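Fold and geometry: a report
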Amino acid sequence: MEKITKFFKDAKAELDKVIFPTKVQVRQAFVAVVLVVTVISIFLALVDMLMSAIVSSTI
């Protein structure tokens, strides 16, 4: 029983060390991820269209 109590005390002590992000930080990270994914998606779509046009013109 002593090991279980020590485990939970240690777990609580570790959780007290964690710094959770604020709402503003979460929102900023979300916007950054959405922007990066959008830019990469547009880039890959353009590359795909270019490659399709090249393959279509050579066949």
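All of the points below concern the structure found in this document. (Residues numbered from 1 in each chain as written. Predicted model: local features only at pLDDT ≥ 70, side-chain atom pairs only at ≥ 80, totals over all residues. Heavy atoms only, no water.)

The next thing to look at is the packing of aromatic side chains. Per the stated rule, a full pass over the model turns up one aromatic pair. Between Phe 7 and Phe 8 the ring centres are 5.4 Å apart and the planes differ by 70 degrees, which places this aromatic pair in the edge-to-face class. In terms of burial, Phe 7 and Phe 8 fall into one category: exposed. (Phe/Tyr/Trp six-rings, centres within 6.5 Å; stacked < 30°, edge-to-face > 60°. Buried < 20%, exposed > 50% of the residue type's maximum accessible area, 1.4 Å probe, protein only.)

Before going further, it helps to examine the environment of Val 18. Along the chain, the position of Val 18 falls in the loop between helix 1 (2-17) and helix 2 (23-58). When the C-alpha positions of Val 18 and Leu 50 are compared, they lie 47 Å apart, and in sequence the two are 32 residues distant. (Helix = DSSP H or I, 4+ residues; strand = E, 2+ residues; numbered from the N terminus.)

With the rule as written, the count across this model stands at three salt bridges. Between Asp 10 and Lys 6 there is a salt bridge, with its nearest N and O atoms 2.8 Å apart. With a gap of four residues between them, Asp 10 and Lys 6 both fall in helix 1, about one helical turn apart. Since its relative accessible area comes to 37%, Asp 10 is described here as partly exposed. The partner of Asp 16 in a salt bridge is Lys 12, with the nearest N and O atoms 3.4 Å apart. Taken together, the residues Asp 16 and Lys 12, both in helix 1 and four residues apart, mark about one turn of the helix. Among the residues examined, Asp 16 registers a relative accessible area of 56% and is labelled exposed. (Salt bridge = Lys/Arg side-chain N within 4 Å of Asp/Glu carboxyl O.)

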